Amino acid sequence: MPADTPRTPPRVSATFDRATIAEIQRAAATGIYDIRGGGAKRRLPHFDDLLFLGASMSRYPLEGYRERCGTDVVLGTRHAKTPIEIRIPITIAGMSFGALSGNAKEALGRGATIAGTSTTTGDGGMTEEERGHSRSLIYQYLPSRYGMNLRDLRRCDAIEIVIGQGAKPGGGGMLLGQKITDRVAAMRDLPPGIDQRSACRHPDWTGPDDLEIKIEELRELTGWEKPIFVKIGASRPYYDVALAVKAGADVVVLDGMQGGTAATQEVFIEHVGLPTLAAIRPAVRALQELGMHRRVQLVVSGGIRSGADVAKALALGADAVSIGTAALIALGDNAPALEAEYQALGTTAGAYDDWHEGRDPAGITTQDPALAARLDPVLGGRRLANYLAVMTMEAQAIARACGKSHLHNLEPEDMVALTMEAAAMTQLPLAGTDWYPGKAPG
Amino acid sequence: MTAATVIDLDVATVRDLNARLQALGRDSNLGPVHVRHPRGRHALAVGVSAPVDILLDGPVGYYAGGMNDGARIVIDGNAATGVAENMMAGLVRVRGDASQSAGATAHGGLLVIEGNAGARCGISLKGADIVVGGSVGHMSAFMAQSGTLVVCGDAGEALGDSLYEARLFVRGAVRSLGADCEEKPMGAAERALVAALLDRAGMAAIDAASFRCFGSARRLYHFHVDNAQAY
Ligand SMILES: Cc1cc2nc3c(=O)[nH]c(=O)nc-3n(C[C@H](O)[C@H](O)[C@H](O)COP(=O)(O)O)c2cc1C
């Protein structure tokens with residue numbers, strides 16, 4: 001064959017792409033599924049697929065610096081004697097001590113408190129660091145019940161019953177041995193150093209009828225003072241929200257599949273659950289049909305990054321949003337300054353997700369005392385507060401442009417969809433039309 | 001003997017009852033409290049920290065004595081799901097049978113069930129002790145982390161599935177053991193432990209030497225591909 005004969009160039013399969021092949025090779029070599037932190041990394045329909053219209057002739061905008069645009073929210077007005085009052089509609093999501101270091105929990109509490117918002121415990125109990133530094137602390141009530149006790153139940157500001165998480169609806173917690181230090185083990189009543197498997201179903205109730213009785217018990221334990229949140233992973237939001245309301249929830253937290261996790265099987269993160277965008281409309285519809293929209297508050301999470309995302313979630317009908325991953329990034333996770341250390345771990349700043357391994361160079365997702373000491377909780381708190389302030393101002397800028405004097409006045413009519421998928425999921429008209437898929441003609 | 005304080009749930013609400021009991025401090029010296037007509041209501045006598053004697057005079061609903069924190073509660077009847085769930089301290093005694101998830105996640109104190117207990121007795125136990133006079137249902141002590149379950153009768157299927165460090169003692173037949181639960185030797189220390197619990201439960205007449213001991217094989221503590229079927 002002459003040397004200049006054209007040859008077929010090497011061609012990578014779209015089905016068996018490089019990442020797929022590498023994963024098969026890794027699985028064959030190790031016999032264990034891939035576990036990682038973070039949320040779904042694939043491209044999904046998201047808030048980027050929506051646009052605000054802004055004001056023009058038919059609606060007039062508010063003046064940027066002179067006309068007020070309110071941002072405060074009250075969560076838990078339905079039954080609780082002392083609802084949570086926060087200054088901004090952005091809360092800090094539940095992330096466990098165990099997954100996060102004590103300093104990280106403290107920093108989250110400090111940042112949230114400066115910003116006038118709430119933070120949340122996680123699967124592993126309440127630490128003094130976070131209770132001490134959080135003005136409003138939501139105490140999670142999870143299937144594992146690690147560290148669940150009466151004293152903490154009474155010194156929290158709200159209780160969040162976790163039924164599911166967007167990253168893994170239907171899955172239980174996971175914390176690998178490297179992170180089960182003596183302190184974590186003692187809080188969870190587990191032997192140190194083991195790979196902890198936690199349950200995915202609650203030990204003492206199943207289904208909405210039992211949940212109603214469980215909520216009654218929690219209210220009796222705490223004198224009907226504290227709001228009861230119910231957190232669900234987005235899977236069947238219309239039915240799940242309706243059932244949570246029926247069971248007596250004051251607040252429903254709805255977490256979409258982009259939502260972060262500390263450690264879950266990759267296959268679970270990428271293949272189970274609904275994108276956040278797709279889950280909001282059915283959830284709001286359930287509340288509206290029950291006459292409970294705005295009476296039972298809806299908190300949406302899963303991939304919230306900016307004030308635009310906040311404004312879009314609120315305009316679709318949420319009362320507030322919650323952030324996990326973005327809060328960790330604000331504290332210093334995936335910082336480019338740590339690039340050399342990420343390289344040493346076989347990754348790069350911006351892609352680091354082995355949060356379960358406990359070797360986080362930023363000192364956030366670790367229990368190693370030397371690494372954890374790298375995070376200054378005061379500085380971290382300040383950074384988080386800055387970021388929360390920016391998101392709030394961004395959301396206000398959009399709301400004023402739409403002529404709204406409060407973020408809660410944003411409405412679906414302020415938006416259009418950029419893609420057919422987003423239009424179908426949100427029932428917002430495709431940009432430039434008055435139509436969305438499924439809408440009857442005329 | 002101080003006269004009992006009587007609270008009649010045909011007159012008072014569950015909220016009244018719990019508010020009164022929860023208002024008592026740890027140093028309360030209130031005499032016995034006699035709760036009449038519980039009629040299967042839920043969440044009775046939950047979260048009580050005072051070392052007070054409470055008699056629930058009849059069958060109770062879900063979560064009776066939930067998160068008990070030091071009271072001595074006697075239920076003169078059957079108990080529904082989750083009796084003494086997440087108990088921190090004190091005593092809960094059920095004179096009849098208990099439904100599912102009795103003593104779920106309990107951290108401390110003693111739960112005595114004189115009759116039988118349903119499925120998942122002692123699920124996710126975190127340090128408390130449970131003594132059952134009769135038998136327990138399937139999946140009892142599932143994922144139990146620490147503490148002790150003593151069963152004077154039989155145990156249903158999958159006893160101690162995915163067990164951590166809790167210790168299980170059964171006098172009768174065990175239908176089957178769950179994943180990673182295995183029989184352990186019953187030595188002098190184990191006999192003494194069982195004897196002491198039977199004594200506290202008021203069942204000292206039962207011979208501690210007639211129990212078998214079960215615990216974690218600890219094979220699931222670190223993931224290994226050859227154990228994948230057990231997960
Ligand atoms: C490190 C980490 C730990 C988490 N731990 C918990 C937890 O203990 N309980 C829980 O309900 N959700 C947990 N989550 C999920 C968050 O509460 C929240 O649903 C999610 O982070 C929101 O999505 P976002 O990360 O895109 O903002 C965790 C998330 C992260 C990133």
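Here the residue numbering is sequential within each chain, running from 1 through the sequence in written order. Written order determines the labels here, with chains lettered from A and ligands numbered from 1. Predicted model: local features are reported for residues with pLDDT of at least 70 only, side-chain atom pairs are reported and counted for 80 or more only, and whole-chain, interface and lining totals are derived from all residues. Hydrogens are left out, water is left out, and the side-chain values use all remaining heavy atoms of the structure.

## Thoughts on the overall build of chain A
Argument step 1. Secondary structure summary: chain A contains 15 helices and 16 strands in total.
Argument step 2. The atom set for the radius of gyration is the C-alpha atoms, and the globule formula is 2.2 Å times the number of residues raised to the power 0.38. For a compact globule of 442 residues, the expected C-alpha radius of gyration is about 22 Å, and chain A comes in at 22 Å, within 12% of that figure.
Argument step 3. A principal-axis box enclosing the C-alpha atoms of chain A has dimensions of 70 × 65 × 45 Å.
Argument step 4. Considering only residue pairs separated by 6 or more positions, chain A has 67% of its internal contacts joining residues 24 or more positions apart.
Argument step 5. Here the accessible surface of atoms and residues is derived via Shrake-Rupley with a 1.4 Å probe, and residues count as covered only by protein chains that are part of the display. Of the accessible surface of chain A, which amounts to about 18100 Å², a share of 56% is contributed by carbon and sulfur atoms.
Argument step 6. In this charge count, Lys and Arg are treated as positive and Asp and Glu as negative; neither His nor the chain ends contribute. To locate a charge, take atom NZ for lysine, CZ for arginine, CG for aspartate or CD for glutamate. Of the side chains in chain A, 47 bear a positive and 52 a negative charge, and the two mean positions are spaced by 2 Å. Here a helix means four or more residues in a row that DSSP labels H or I, a strand means two or more in a row labelled E, and each is numbered from the N terminus. Here, two residues are considered to be in contact whenever any of their heavy atoms come within 4.5 Å of each other.

## Details of the pairing of strand E1 (residues 5–8) of chain B
All names here are of chain B.
Argument step 1. For two strands to pair, DSSP has to find at least two bridges joining them. Direction of pairing for E1 relative to strand E2 (residues 33–36): parallel, over a ladder of four bridges. Each bridged residue has a counterpart across the sheet, and for Val-6 the counterpart in E2 is His-34.
Argument step 2. Consider the strands pointing away from the viewer: the crossover is right-handed when the path from the first strand over the helix to the second runs clockwise. Crossover handedness for the path E1 to helix H1 (residues 14–23) to E2: right-handed.

## Remarks on the sheet that holds strand E8 (residues 158–162) of chain A
Residues and elements named next belong to chain A.
Argument step 1. On the basis of which strands lie adjacent, the open sheet formed by eight strands has the order E5-E15-E14-E12-E11-E8-E7-E6 and parallel pairing. Single-partner strands in this sheet number two, and they are strand E5 (90–92) and strand E6 (118–120). Along the sheet, successive strands turn relative to each other by an average axial angle of 30°, direction set aside.
Argument step 2. Sheet analysis places E8 next to strand E11 (residues 228–233), joined by four bridges and oriented parallel. To get an axis, fit a line to the C-alpha atoms, keeping to the stretch in contact for a helix; angles then go from 0 to 180 degrees between the N-to-C directions.

## A closer look at the packing of helix H2 (residues 102–115) of chain A against helix H14 (residues 377–401) of chain A
Residues and elements named next belong to chain A.
Argument step 1. The contact between H2 and H14 brings their axes to 7 Å, and the two run at 45°. Classified by the angle their axes make, H2 and H14 are oblique. For H2 against H14, the interelement crossing comes out right-handed. Here Asn-103, Glu-106, Ala-107, Leu-108, Arg-110, Gly-111, Ala-112, Ile-114 and Ala-115 of H2 lie close against H14, whose contacting residues are Pro-377, Val-378, Gly-380, Gly-381, Arg-382, Leu-384, Ala-385 and Leu-388.
Argument step 2. Here the residues of the contact of H2 with H14 sort into ten nonpolar, four polar and three charged. Small angles under 35 degrees read as roughly parallel and large ones over 145 as roughly antiparallel, with 65 to 115 read as roughly perpendicular and the rest as oblique. With the far helix as reference, a near helix turned anticlockwise by less than a right angle produces a left-handed crossing, and one turned clockwise produces a right-handed crossing. Polar here means any residue other than Ala, Val, Leu, Ile, Met, Phe, Trp, Tyr, Cys and Pro, which are nonpolar, and Asp, Glu, Lys and Arg, which are charged; Gly is therefore polar.

## Some remarks on the site of the ligand
Residue and element names in this part refer to chain A.
Argument step 1. Surveying the vicinity of the ligand reveals 25 residues, the closest of which are Gly-94, Asp-255, Gly-303, Gly-324 and Thr-325.
Argument step 2. Gly-94 has a polar backbone atom sitting 2.7 Å from an oxygen atom of the ligand.
Argument step 3. What qualifies as a polar contact is a pair of N or O atoms within 3.5 Å, subject to a donor-acceptor requirement within protein and to the restriction that residues adjacent in sequence count only when both atoms come from side chains. In this structure, a nitrogen atom belonging to the ligand sits 3.2 Å away from a side-chain N or O atom of Gln-165.
Argument step 4. Residue composition of the shell around the ligand, grouped by class: eight nonpolar, 14 polar and three charged. Each residue is tested against the molecule or strand, and it is near if at least one of its non-hydrogen atoms lies within 4 Å.

## Section: the pattern of salt bridges
Residues and elements named next belong to chain A.
Argument step 1. The term salt bridge refers to a pairing of a side-chain nitrogen on Lys or Arg with a carboxyl oxygen on Asp or Glu at a separation within 4 Å. This structure, assessed with the given rule, holds 43 salt bridges over all chains.
Argument step 2. A salt bridge links Arg-183 to Glu-129; its shortest N-O distance comes to 2.9 Å. Of this pair, Arg-183 sits in helix H5 (residues 182–188) while Glu-129 sits in helix H3 (residues 128–133), placing them 54 residues apart in sequence.
Argument step 3. Under the scheme applied here, a residue whose accessible area is under 20% of the maximum for its type counts as buried, over 50% as exposed, and between as partly exposed, the area being computed with a 1.4 Å probe on protein chains only. Given a relative accessible area of 18%, Glu-129 falls into the buried group.
Argument step 4. Lys-404 is the salt-bridge partner of Asp-414, the closest N and O atoms lying 3.2 Å from each other. With Asp-414 in the loop between H14 and strand E16 (415–417) and Lys-404 in the loop between H14 and E16, the pair connects residues that are ten residues apart, well separated along the chain.
Argument step 5. The exposure class assigned to Asp-414 is buried, which follows from its relative accessible area of 3%.

## As for the UniProt feature "domain: Glutamate synthase" (unreviewed entry) in chain A
Argument step 1. UniProt positions are given in the numbering used here, feature names are shortened, and annotations may be inferred rather than shown by experiment. The residues that UniProt annotates with the feature "domain: Glutamate synthase" (unreviewed entry) are residues 75–404 of chain A.
Argument step 2. End-to-end, the C-alpha atoms of residues 75–404 of chain A are 21 Å apart, and along that stretch the chain is 39% helix and 14% strand.

## A few points about helix H9 (residues 276–289) of chain A
Residue and element names in this part refer to chain A.
Argument step 1. Expected helix span is taken as 1.5 Å per residue step, with the number of steps being one fewer than the number of residues. Between its first and last C-alpha, H9 extends 21 Å over 14 residues, near the 20 Å set by a 1.5 Å rise per residue.
Argument step 2. Among the 14 residues that make up H9, eleven are buried, leaving the element largely enclosed by the rest of the structure.
Argument step 3. By the burial criterion, the buried members of H9 are Thr-276, Leu-277, Ala-278, Ala-279, Ile-280, Arg-281, Pro-282, Ala-283, Val-284, Ala-286 and Leu-287.
Argument step 4. On its buried face, H9 is in contact with strand E2 (50–52), helix H7 (237–247), strand E12 (251–255), strand E14 (297–301), helix H10 (307–315) and helix H15 (420–426).

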